[in-house]
Amino acid sequence: MFSSVWLGWLGAALSMTLPWPQVWRSCAQGRTGGLSPVACWMGAAMPVGWITYGLLTGETVQVVTNSVTGVAGLAVLVVVLLKQGELRSGRKLLVSAAGAAGVLTAAAGSAAVAVATDATGAHVATFLGTVLAVAATLSAVPQPLSLLRDRNQDLAGLSPLRWRLAAGACACWMTYGLSTAQPAVWMSAAVGLMSALIVCWMLLPVNRPAAPSTREAAPVVRPARGTARVVRPATSVVVPVSEEVPAVLRPVPMPMPRPSSTRVVRPAAAVARSARPVSGPARGTRVARPLRPALA
């Protein structure tokens, strides 16, 4: 019995520690990629149910532990709803918050029955524990399922340390539930342990898809062979850098001769000849007329 109590407090310590790495990543750094909205809603509602279960059974460890985890889960939920505005629509809320609403209704109904009727807390806690065990089983499925369905999604919002601590805490709670004969505790812890191990395995760097490198993404453009010919001027001489040639023996590039700008003057006769018309007598030329015959 003494070892079971300490085991319960060890699980409580791990449970109170595990949400804060996720709170730091989501609330302080604003990274919510990869978080399942259904899991976030259940992370805020399940502690309320376990607090009610602890009050009905008289277990202080349940009340203290889930009070801390409930505050952390509520903080993460608020940040996720603020960062992802599409989750605040009516249809999205109906899908993601349905399980959380059922847990809160069961917790409130159990507390009302225990206060208003003569039913003992142990009997009411049995019913509530069964509901919480089923809800814990269902709430542990969305997060690993979303990671398995989409291997290429952004996982920057998931804290690996949080899920490692969750695996340790669930292992302690499962052992605690088995040693104290509480099926609701060890069954829900067993499902949570399996879920945490799957998420830890998915967050390993070796299981993440490799991002395409720049060399693979950018196409390599090579010039076609034989399509262009490089013509160098005759006066240019290419001397390799690796060859050490004395400056005296290096050929001096000769300047290319430029065309002369001298004006060509043609003779006047040639100009006059080129200016004559092709047919007809030239202007200013005297035409000889035939002589008239003399009168007898």
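About the thresholds
- Residues numbered from 1 in each chain as written.
- Predicted model: local features only at pLDDT ≥ 70, side-chain atom pairs only at ≥ 80, totals over all residues.
- Heavy atoms only, no water.
- Helix = DSSP H or I, 4+ residues; strand = E, 2+ residues; numbered from the N terminus.
- Buried < 20%, exposed > 50% of the residue type's maximum accessible area, 1.4 Å probe, protein only.
- Contact = heavy atoms within 4.5 Å.
- Areas by Shrake-Rupley, 256 points an atom, 1.4 Å probe, with all protein chains shown as cover.
- Polar contact = N/O pair within 3.5 Å; in protein donor to acceptor, adjacent residues only side chain to side chain.
- Patch = residues over 30% accessible without salt bridge, like charges linked within 9 Å, V, L, I, M, F, W, Y side chains within 5 Å.
- Salt bridge = Lys/Arg side-chain N within 4 Å of Asp/Glu carboxyl O.
- Phe/Tyr/Trp six-rings, centres within 6.5 Å; stacked < 30°, edge-to-face > 60°.
- Lys NZ or Arg CZ within 6 Å of the ring centre and 35° of its normal.
- Axes fitted to C-alpha atoms, helices over the stretch in contact; angles between N-to-C directions.
- Parallel < 35°, antiparallel > 145°, perpendicular 65-115°, else oblique.
- Left-handed = near helix turned anticlockwise from the far one by under 90°.
- Nonpolar A, V, L, I, M, F, W, Y, C, P; charged D, E, K, R; others polar.
- Expected span 1.5 Å × (residues − 1).
- Core = buried A, V, L, I, M, F, W, Y, C linked by side-chain atoms within 4.5 Å.

A. Structural detail: the overall build of the protein. Scanning the protein for helices and strands turns up 12 helices and 0 strands. Per-residue burial over the protein gives 32% buried out of 296 residues. For the protein, contacts bridging at least 24 residues in sequence account for 77% of all contacts bridging at least 6. If you sum the accessible surface of the protein, you get close to 20300 Å²; carbon and sulfur atoms cover 65% of it.

B. Focus on the side chain of Gln182. Mapped onto the fold, Gln182 is located in the loop between α9 (160-179) and α10 (183-202). Among the polar contacts listed, one links the side chain of Gln182 to the side chain of Glu59, at a separation of 2.9 Å. Non-local contacts of Gln182, meaning those with residues more than four positions away in its chain, are made with Tyr53, Glu59, Tyr176 and Gly177.

C. Structural detail: a nonpolar patch on the surface. A cluster of nonpolar residues, Val5, Trp6, Trp9 and Val64, forms a patch on the protein surface that exposes about 390 Å² of accessible area. Among the elements that line the nonpolar patch, the one with the most residues is helix α1 (residues 2-17), at 3 residues. Relative to the helices and strands, Val64 is located in helix α4 (residues 60-83). You can call Val64 partly exposed: its relative accessible area is 34%.

D. Representation of the packing of aromatic side chains in the model. For the coordinates displayed, the defined rule picks out 2 aromatic pairs. Ring centres of Trp173 and Tyr176 lie 5.5 Å apart, and the angle between their planes is 85°; this geometry places the pair in the edge-to-face category. Here the residue Trp173 and the residue Tyr176 both occupy positions in helix α9, the gap between them amounting to 3 residues, near one helical turn. On the accessibility criterion, Trp173 (10% relative accessible area) is buried. A cation over a ring is seen here: Arg162 above Trp163, with NZ or CZ 4.2 Å from the ring centre.

E. Focus on the packing of helix α2 (residues 19-28) against α9. Contact pair α2 / α9: the axes reach a minimum separation of 7 Å and the direction vectors enclose 165°. Classified by the interaxial angle, the pair formed by α2 and α9 is roughly antiparallel. The interaxial crossing formed by α2 with α9 has left-handed handedness. When α2 is examined against α9, the residues Pro19, Pro21, Gln22 and Arg25 are found in contact with a partner set consisting of Pro160, Leu161, Arg162 and Leu165. Here the contact of α2 with α9 is composed, by residue class, of 5 nonpolar, 1 polar and 2 charged.

F. Highlighting α9. Along its 20 residues, α9 runs 29 Å from first to last C-alpha, staying within 8% of the 28 Å computed at 1.5 Å per residue. Where α9 is concerned, the buried positions are Arg162, Trp163, Leu165, Ala166, Ala167, Ala169, Cys170, Cys172, Trp173, Tyr176 and Gly177. At the C-terminal side of α9, Ala181 shows a positive phi close to 60°.

G. Fine view of unusual backbone geometry. A positive phi angle is found at Ala181, which is not glycine, with a value near 60°. Among the structural elements, Ala181 can be located in the loop between α9 and α10.

H. Focus on the environment of Val63. Note that Val63 resides in helix α4. Here Val63 is in contact with Ile51, Gly54 and Leu55, once residues within four sequence places are set aside.

I. A look at the nonpolar core. Formed by 47 residues in total, the largest nonpolar core has its most connected members in Met46, Tyr53, Val103, Leu132, Leu158, Trp163 and Trp173. Residue assignment for this core shows that the elements contributing at least two residues are α3 (37-57), α4, α6 (98-116), α7 (121-139), α9 and α10. When near neighbours in sequence (up to four residues on either side) are disregarded, Tyr53 contacts Ala125, Leu128, Gly129, Leu132, Gln182 and Val185.

That is the geometry; function is a separate question.
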